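# A closer look at the structure
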Amino acid sequence: MRNKIWLSSPHMSGNELCFIEDALNKNWVTSQGENIDEFEKSLSVLLKNDLKVCALNSATSAIHLSLIILGVTSGDEVITSSFSFCASANPITYCGAIPIFIDSEKDTWNMCPIALEEAIEDRISKGKKPKAIIVVHLYGMPAKMDEITAIAHKYEIPVIEDAAEALGSTYKGKLCGTFGRFGILSFNGNKIITTSGGGALVCHTQEDKDKAVFLSTQARDNAPHYQHSHIGYNYRMSNIVAGIGRGQMEVLNDRVEARRKMHDFYIRIFKDIDGVEVFSEPTQDYYSNHWLSAIVVDENKTGKSREDLRMAFLEDNIESRPLWKPMHLQPVFADAPYYGTNISEKLFDNGLCLPSGSNLSDDDRLRIKKVINDFFSK
Ligand SMILES: *Cc1c(COP(=O)(O)O)cnc(C)c1O
């Protein structure tokens, strides 16, 4: 069997171990220490705007804390993108709230502003104004932030930006994760940079960051003994894990560049194959980190299905994966309201994510190219 080519695997810089060793030598083997402070600082320097970053054990935790800080409780409604990973929606249910799912638009595959406004109007007419909007930048592609921000502003609903897949992506020159009241970052093993598992909450005020740190460390009141007036969570990042993050931050730009080169590679391959569209920025306003390169296969034009291509890759031990299954189609969210015109459903039926890692070799690319060319020329 040939080596497995993964969709997106961890890619170390080599310096991670130095930061981990330093933490061990100083005995800061806990959820405090220099690595956490420096990792947070490097993220706020990157994001600029004087933003305050709280490092957590996952992006899922970061979304949960952002909802709690916004006061989301039992029976509330929270809007989110249907076309995403389940972690965009699950924290809504942790709060006892109800997710309201919005379909994608065709340009960026992200939250459709038209369906968003329709949903807000309809929910208000039914008696409940949504408490927050969680907008996702899928596969690194920025959402239509001008339109979405304008609607959020009009109805005075705070925006949480799920930029778990979009670190380094920009919309009109501004980094994803910096538009909303809160930004969400992920350092899960498959993301653009990783800490093995981890996330961050991007805040605009020290007050919000302080709340996030407080809630993520079991909500201890200021007292010599353990005193609690709030329910807390054990969500803070460990100082060991943050050491991996420091090593990864040194190479973030290289990683974005390498992923974008993978996207260029697929553009070149599919340029001559009629009926396959490579997911790309709609205009110059959008700059994607191309965390995952994705295609949509038109079965009528190619005579081939997405699923057959996936199987052809599998035969050569190459991983590929259908696009996210929309949340409004998931059994667990069968009862949740949904607004849209089934654009995400069609993407799910015909779309495929291709190997996109920053650590793929020229040999890997040759194998990928051969499978694609053989498959479509048969
Ligand atoms: C990966 C991901 C998350 C969750 O990140 P974790 O750090 O694994 O909790 C949330 N939203 C999106 C869109 C993701 O891709």
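The model shown is predicted, which means the values in this text are computed figures rather than measured ones. (Residues numbered from 1 in each chain as written. Predicted model: local features only at pLDDT ≥ 70, side-chain atom pairs only at ≥ 80, totals over all residues. Heavy atoms only, no water.)

## Quick notes on the UniProt feature "active site" (unreviewed entry) in the protein
Applied cut-off: UniProt positions are given in the numbering used here, feature names are shortened, and annotations may be inferred rather than shown by experiment. By definition, any uninterrupted DSSP run of H or I lasting at least four residues is a helix, any uninterrupted run of E lasting at least two residues is a strand, and each is numbered from the N terminus. Burial classes follow relative accessibility: with a 1.4 Å probe on protein chains only, a residue under 20% of its type's maximum area counts as buried, one over 50% as exposed, and anything between as partly exposed. Contacts: residue pairs with any heavy atoms within 4.5 Å of one another.
With numbering matched to this structure, UniProt assigns "active site" (unreviewed entry) to K191. Here K191 is to be found in the loop between β8 (182-186) and β9 (199-203). Taking relative accessible area as the criterion, K191 reaches 10% and is therefore assigned buried. In this view, K191 contacts A164, E165, S186, R259 and W291; residues no more than four positions away in its chain are not counted.

## Observations concerning the pattern of salt bridges
Quick note on the threshold: Salt bridges are identified by distance alone: a Lys or Arg side-chain nitrogen within 4 Å of an Asp or Glu carboxyl oxygen.
With the rule as written, the count across this model stands at 24 salt bridges. Close ionic contact of D316 with R2 constitutes a salt bridge, the shortest N to O distance being 3.1 Å. Of this pair, D316 sits in the loop between α11 (306-315) and β13 (321-322) while R2 sits in the segment before α1 (16-26), placing them 314 residues apart in sequence. Note on D316: relative accessible area 13%, which makes it buried. On the basis of relative accessible area, R2 is assigned to the partly exposed category, the value being 47%. A salt bridge links D146 to K172; the shortest N-O distance between them is 2.4 Å.

## Some remarks on the packing of helix α5 (residues 113-125) against helix α6 (residues 145-154)
To keep it simple, the criterion reads: Each axis is a line fitted through C-alpha atoms, taken for helices only over the stretch in contact, and angles between the N-to-C directions span 0 to 180 degrees. What sets the label is the angle itself: under 35 degrees gives roughly parallel, over 145 gives roughly antiparallel, 65 to 115 gives roughly perpendicular, and the rest give oblique. A crossing counts as left-handed when the near helix is turned anticlockwise from the far one by less than a right angle, and as right-handed when that turn is clockwise.
At a minimum axis distance of 9 Å, the contact between α5 and α6 shows a crossing angle of 15 degrees. Between α5 and α6, the angle falls in the class roughly parallel. Both α5 and α6 take part in a crossing whose hand is right-handed. Note on element contacts: α6 touches α5 through E147, I148, I151 and K154, opposite P113, L116, E117 and I120.

## Digging into the site of the ligand
Defined as follows: The cutoff for a nearby residue is simple: one of its non-hydrogen atoms must lie within 4 Å of the molecule or strand. Here a polar contact is taken to be a pair of N or O atoms separated by no more than 3.5 Å, where protein atoms must pair a possible hydrogen donor with a possible acceptor and residues adjacent in sequence count only if both atoms sit in side chains. Note on residue categories: nonpolar means Ala, Val, Leu, Ile, Met, Phe, Trp, Tyr, Cys or Pro, charged means Asp, Glu, Lys or Arg, and polar means any other residue, Gly included.
The full set close to the ligand counts 15 residues, and T60, D162, E165, S186 and K191 are the nearest of them. Between the ligand and D162, the relevant distance is 2.7 Å, taken from a nitrogen atom to a side-chain nitrogen or oxygen of the residue. Take S186: an N or O atom from its side chain is 2.8 Å from an oxygen atom of the ligand. By residue class, the composition of the shell around the ligand is five nonpolar, seven polar and three charged.

## Notes on the packing of aromatic side chains
What counts is decided by this rule: Only centres within 6.5 Å qualify two rings of Phe, Tyr or Trp (six-membered ring in Trp) as a pair; their planes then separate them into stacked at under 30 degrees, edge-to-face at over 60, and tilted for everything else.
For the coordinates displayed, the defined rule picks out 14 aromatic pairs. With a centroid separation of 5.2 Å and an interplanar angle of 35 degrees, the aromatic rings of F85 and W324 are classed as tilted. In this pair, F85 sits in the loop between β2 (77-81) and α4 (90-94) while W324 sits in the loop between β13 and β14 (338-339), placing the two residues 239 residues apart along the sequence. Look at F85 and you get partly exposed, because its relative accessible area is 39%. The exposure class of W324 is buried, given its relative accessible area of 18%. A ring pair is formed by W109 and F279, whose centres lie 3.7 Å apart and whose planes are at 10 degrees; its orientation type is stacked. Placement of the pair is W109 in the loop between β3 (98-102) and α5 and F279 in the loop between β10 (276-278) and β11 (286-287), with a sequence separation of 170 residues. Accessibility expressed as a relative area gives 2% for W109, which makes it buried. Looking at F279, the relative accessible area reads 3%, which means it is buried. These aromatic residues form a ring-pair network of at least three members: F83, F85, W109, Y139, F279, W291 and W324.

## A short note on α5
Heads up, the rule is: To estimate how far a helix should reach, multiply one less than its number of residues by 1.5 Å. It is the directions from the helix axis to the C-beta atoms whose arc is reported.
Helix length check: α5 (13 residues) gives 18 Å between terminal C-alpha atoms against 18 Å at 1.5 Å per residue, within 8%. Those residues of α5 that sit buried are P113, A115, L116, A119, I120 and R123. Angularly, the buried residues of α5 cover 155 degrees about the axis, an arc narrow enough to put them on a single face. Turned more than 90 degrees off the buried face of α5, the exposed positions are I114 and S125.

## Looking at the domain arrangement of the protein
How big an interface is tends to be reported as the loss of accessible area on association of its parts. Selection rule: For the domains described, the bounds stem from an automatic or database domain assignment. In this description, buried area is defined as the sum, over both parts, of the accessible area (probe of 1.4 Å) that is lost when the two are combined.
For the protein, the domain assignment lists domain 1 (16-251) and domain 2 (253-377). Facing 45 residues of domain 1, the contacting portion of domain 2 comprises 37 residues. For the pair domain 1 and domain 2, the two sides together bury roughly 3700 Å², of which 65% comes from carbon and sulfur. Where domain 1 packs against domain 2, one counts zero salt bridges.

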